[in-house]
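Listed here are the chains, written in short residue letters.
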Amino acid sequence: MEREGEDDDIVCLDESFFIDDNYQLTTFTFGSQVLQLLCLQSASTDFDLTGQLVWPGAMLLNDYLSKNAEILQGCTVIELGSGVGITGILCSRFCSQVVLTDHNEEVLKARP
Ligand SMILES: C[S@@+](CC[C@H](N)C(=O)[O-])C[C@H]1O[C@@H](n2cnc3c(N)ncnc32)[C@H](O)[C@@H]1O
């Protein structure tokens, strides 16, 4: 039995209510390479949205690659789970061909 006014208390939220898509154009510098990418500034994400931000491991890897760019020359690179894409995009400055992948549609929305 429905009480009077009960419908007024029901609020329906779709998943977008819980998604932070406040992407900021952010500058990253690795040696002589400057990258401008859209990403979150937060330290964590909800759901399976880890690819919305740049992870510390990617920063370390990019620092290493920028200092050893000769190992990339002439190579074809595939980045699995690229998220923001910071590593694949840096590699594209030195490689012959780069493929970036990610399976998360929300993460892909912020990519160029
Ligand atoms: C921890 S984040 C790392 C993102 C980026 N590589 C970095 O280091 O900043 C992992 C990424 O892998 C993606 N991912 C996880 N499982 C995947 C799968 N099976 N196929 C494609 N991408 C996947 C996620 O959507 C997420 O963007």
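Student: Looking at this structure, how should I read the overall build of the chain?
Tutor: Helix and strand counts for the chain come out as three helices and four strands. Taking the principal axes of its C-alpha atoms as reference, the chain extends roughly 75 × 20 × 20 Å. By the burial criterion, 36% of the 112 residues in the chain qualify as buried. Contacts in the chain between residues at least 24 apart in sequence constitute 46% of all its contacts with a sequence separation of at least 6. Roughly 7,700 Å² of accessible area belongs to the chain as shown, and the carbon and sulfur atoms make up 54% of that amount. Distance from the positive charge centre (5 side chains) to the negative charge centre (18 side chains) of the chain: 13 Å.

Student: Which parts of the structure should I look at to understand the site of the ligand?
Tutor: Around the ligand sit 13 residues, and of these Gly51, Trp55, Gly81, Asp102 and His103 come closest. Between the ligand and the protein, one listed contact pairs an oxygen atom with a backbone N or O atom of Trp55 at 3.0 Å. One of the backbone nitrogen or oxygen atoms of His103 is found 3.2 Å away from a nitrogen atom of the ligand. Burial of the ligand by the surrounding chains reaches 67%, relative to a free accessible area of 600 Å². Among the detected pockets, the ligand sits in the largest pocket. Along the lines of polarity and charge, the residues of the shell around the ligand split into four nonpolar, seven polar and two charged.

Rules behind the numbers
- Residues numbered from 1 in each chain as written.
- Predicted model: local features only at pLDDT ≥ 70, side-chain atom pairs only at ≥ 80, totals over all residues.
- Heavy atoms only, no water.
- Helix = DSSP H or I, 4+ residues; strand = E, 2+ residues; numbered from the N terminus.
- Buried < 20%, exposed > 50% of the residue type's maximum accessible area, 1.4 Å probe, protein only.
- Contact = heavy atoms within 4.5 Å.
- Areas by Shrake-Rupley, 256 points an atom, 1.4 Å probe, with all protein chains shown as cover.
- Lys, Arg positive; Asp, Glu negative; His and termini not counted.
- Charge placed at Lys NZ, Arg CZ, Asp CG, Glu CD.
- Near = heavy atom within 4 Å.
- Polar contact = N/O pair within 3.5 Å; in protein donor to acceptor, adjacent residues only side chain to side chain.
- 1 Å grid on protein atoms, 1.4 Å probe; cavity = no way out; pocket = protein on both sides within 12 Å on 5 of 7 lines; lining within 4 Å.
- Sits in = over half its atoms within 2 Å of the grid points.
- Nonpolar A, V, L, I, M, F, W, Y, C, P; charged D, E, K, R; others polar.

Spatial relationships are all this shows, so hold off on functional conclusions.
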